[in-house]
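What follows is the residue order along each chain.
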Amino acid sequence: MNDEFYMNEALKEAQKAYEADEVPIGAVAVYKNQIIGRGHNRTEHLHDPTAHAEIIAITAAANALGSWRLENVDIYTTVEPCIMCAGALVLARVKRIIFGARDEKFGGCGSIFNIVNEQKLNHQIEVVEGLLKEQAVSLMKEFFEKKRKKGDSNPDSAGFPGQAGE
């Protein structure tokens, strides 16, 4: 199994979020070539601003390993982690973050801030970006177009902001 396989699994999680009318972001946590955590956005369903795909996948991985230290875990996520999730990934000490699309509005892995490589912190994370980017962008754009057509007045439904210049 390779990075593309795991990113496809994250895209399956994002599809679950899409079908639940949540922002379609999915994540999987991988340890020793096995998925030990999965997550997709659940903020609307749970009424919880922290219920992001990455947080849910981190929690599942920590439970699977019986430790909050995820030093040999890779996180695959369809969209660049936000600043909250980037901070949680640093605290969890994950090894790598692999993401599809950048998020120019909330990104914490280089777009707005680069929390995961901040030298003042005690842990930095290797970042790989752009894997299956087109699929992640397509799902996000489709979701926000659907929201606009439905007349959703939520300011967060204005569109996927992370793809400037495309």
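This text gives an overview of the structure that appears in the document. Every chain's residues receive numbers from 1 upward, in the order its sequence appears when written. With the structure being a predicted model, the display of local features is reserved for residues of pLDDT at least 70 and the display and counting of side-chain atom pairs for 80 or more, all residues being used for whole-chain, interface and lining totals. Side-chain calculation: all heavy atoms of the structure are included, whereas hydrogens and water are not.

1. Points about the packing of aromatic side chains
Okay, step 1: Each Phe, Tyr or Trp ring (for Trp, its six-membered ring) is paired with any other whose centre lies within 6.5 Å, and the angle between the two planes then decides the class: stacked below 30 degrees, edge-to-face above 60, tilted in between. If you walk through the whole model with that rule in mind, you get 4 aromatic pairs.
Okay, step 2: An angle of 80 degrees between the planes, with centres 5.2 Å apart, marks the rings of Phe-5 and Tyr-6 as edge-to-face.
Okay, step 3: Overall, Phe-5 belongs to the partly exposed group, its relative accessible area being 34%.
Okay, step 4: Working definition: with a 1.4 Å probe on protein chains only, accessible area under 20% of the residue-type maximum means buried, over 50% means exposed, and in between means partly exposed. On the accessibility criterion, Tyr-6 (2% relative accessible area) is buried.
Okay, step 5: By the ring-pair criterion, three or more aromatic residues cluster together here, those being Phe-5, Tyr-6 and Tyr-76.
Okay, step 6: When the ring centre of Tyr-18 is taken as reference, the NZ or CZ atom of Lys-146 above it lies at 4.5 Å. We call a charge positioned above a ring when the Lys NZ or Arg CZ atom is no farther than 6 Å from the ring centre and deviates by at most 35 degrees from the ring normal.

2. Quick look at the pattern of salt bridges
Okay, step 1: We define a salt bridge as a side-chain nitrogen of Lys or Arg found within 4 Å of a carboxyl oxygen belonging to Asp or Glu. Inspection of the entire model under this criterion finds 8 salt bridges.
Okay, step 2: Arg-96 is the salt-bridge partner of Asp-74, the closest N and O atoms lying 3.1 Å from each other. With a gap of 22 residues between them, Asp-74 in strand β3 (residues 73-79) and Arg-96 in strand β4 (residues 96-101) connect regions that are remote in the sequence.
Okay, step 3: Residue Asp-74 is classed as buried on the basis of its relative accessible area, which comes to 13%.
Okay, step 4: Relative accessible area serves as the criterion here: at 14%, Arg-96 is assigned to the buried category.
Okay, step 5: The partner of Arg-102 in a salt bridge is Glu-129, and the shortest N-O contact between them spans 2.8 Å. With a gap of 27 residues between them, Arg-102 in the loop between β4 and β5 (126-129) and Glu-129 in strand β5 connect regions that are remote in the sequence.
Okay, step 6: Overlapping salt bridges, with partners in common, bring together Glu-9, Lys-12, Glu-13, Lys-16 and Arg-38 in one network. Helix and strand assignments follow DSSP, with helices taken as H or I runs no shorter than four residues and strands as E runs no shorter than two, numbered in order from the N terminus.

3. Focus on helix α1 (residues 3-19)
Okay, step 1: Expected helix span is given by 1.5 Å per residue-to-residue step, counting one fewer step than there are residues. Here α1 is 17 residues long and its end C-alpha atoms lie 25 Å apart, about the 24 Å a rise of 1.5 Å per residue gives.
Okay, step 2: The complete set of buried residues in α1 reads Tyr-6, Met-7, Glu-9, Ala-10, Leu-11, Glu-13, Ala-14, Ala-17 and Tyr-18.
Okay, step 3: Whether two residues are in contact is decided by their heavy atoms: any pair within 4.5 Å suffices. Where the residues of α1 are buried, they touch β1 (26-31), β2 (34-40), β3, β4 and α5 (133-149).
Okay, step 4: Structurally, the start of α1 carries an N-cap: the backbone nitrogen of Glu-4 is 3.1 Å from a side-chain oxygen of Asn-2. Whenever two N or O atoms come within 3.5 Å, that pair is a polar contact, provided that in protein one can donate a hydrogen and the other can accept it, and provided that, for residues adjacent in sequence, both atoms are side-chain atoms.

4. A look at the environment of Met-84
Okay, step 1: Among the structural elements, Met-84 can be located in helix α4 (residues 83-92).
Okay, step 2: Filtering out sequence-adjacent residues up to four positions away, Met-84 remains in contact with Pro-49, Thr-50, His-52 and Ile-55.

5. Some thoughts on the packing of helix α3 (residues 53-65) against α4
Okay, step 1: Viewed as axis vectors pointing N to C, α3 and α4 meet at an angle of 20 degrees, and their least axial separation amounts to 9 Å. Comparing their axes, α4 and α3 come out roughly parallel. Handedness of the crossing formed by α3 with α4: left-handed. In this structure, α3 uses Glu-54, Ile-55 and Ile-58 to contact α4, whose residues at the interface are Met-84, Cys-85, Ala-88, Leu-89 and Ala-92.
Okay, step 2: Here the contact of α3 with α4 is built from residues that sort into 7 nonpolar, no polar and 1 charged. Orientation is described by lines fitted to C-alpha atoms, with helices fitted over the stretch in contact, and by angles between N-to-C directions that extend from 0 to 180 degrees. Roughly parallel refers to an angle under 35 degrees, roughly antiparallel to one over 145, roughly perpendicular to one between 65 and 115, and oblique to any angle outside these ranges. Helix crossings are classified by the rotation of the near helix relative to the far one: an anticlockwise turn of less than a right angle makes the crossing left-handed, while a clockwise turn makes it right-handed. Under the scheme applied here, ten amino acids are nonpolar (Ala, Val, Leu, Ile, Met, Phe, Trp, Tyr, Cys and Pro), four are charged (Asp, Glu, Lys and Arg), and all others, including Gly, are polar.

6. A short note on α3
Okay, step 1: Spanning 13 residues, α3 covers 18 Å between terminal C-alpha atoms, matching the ideal 18 Å at 1.5 Å per step.
Okay, step 2: Looking only at α3, the buried set comprises Ala-53, Glu-54, Ile-55, Ala-57, Ile-58, Ala-61 and Ala-62.
Okay, step 3: Close packing links the buried residues of α3 with β1, β2, β3 and α4.
Okay, step 4: The positive-phi residue at the C-terminal boundary of α3 is Gly-66, with phi of around 70 degrees.

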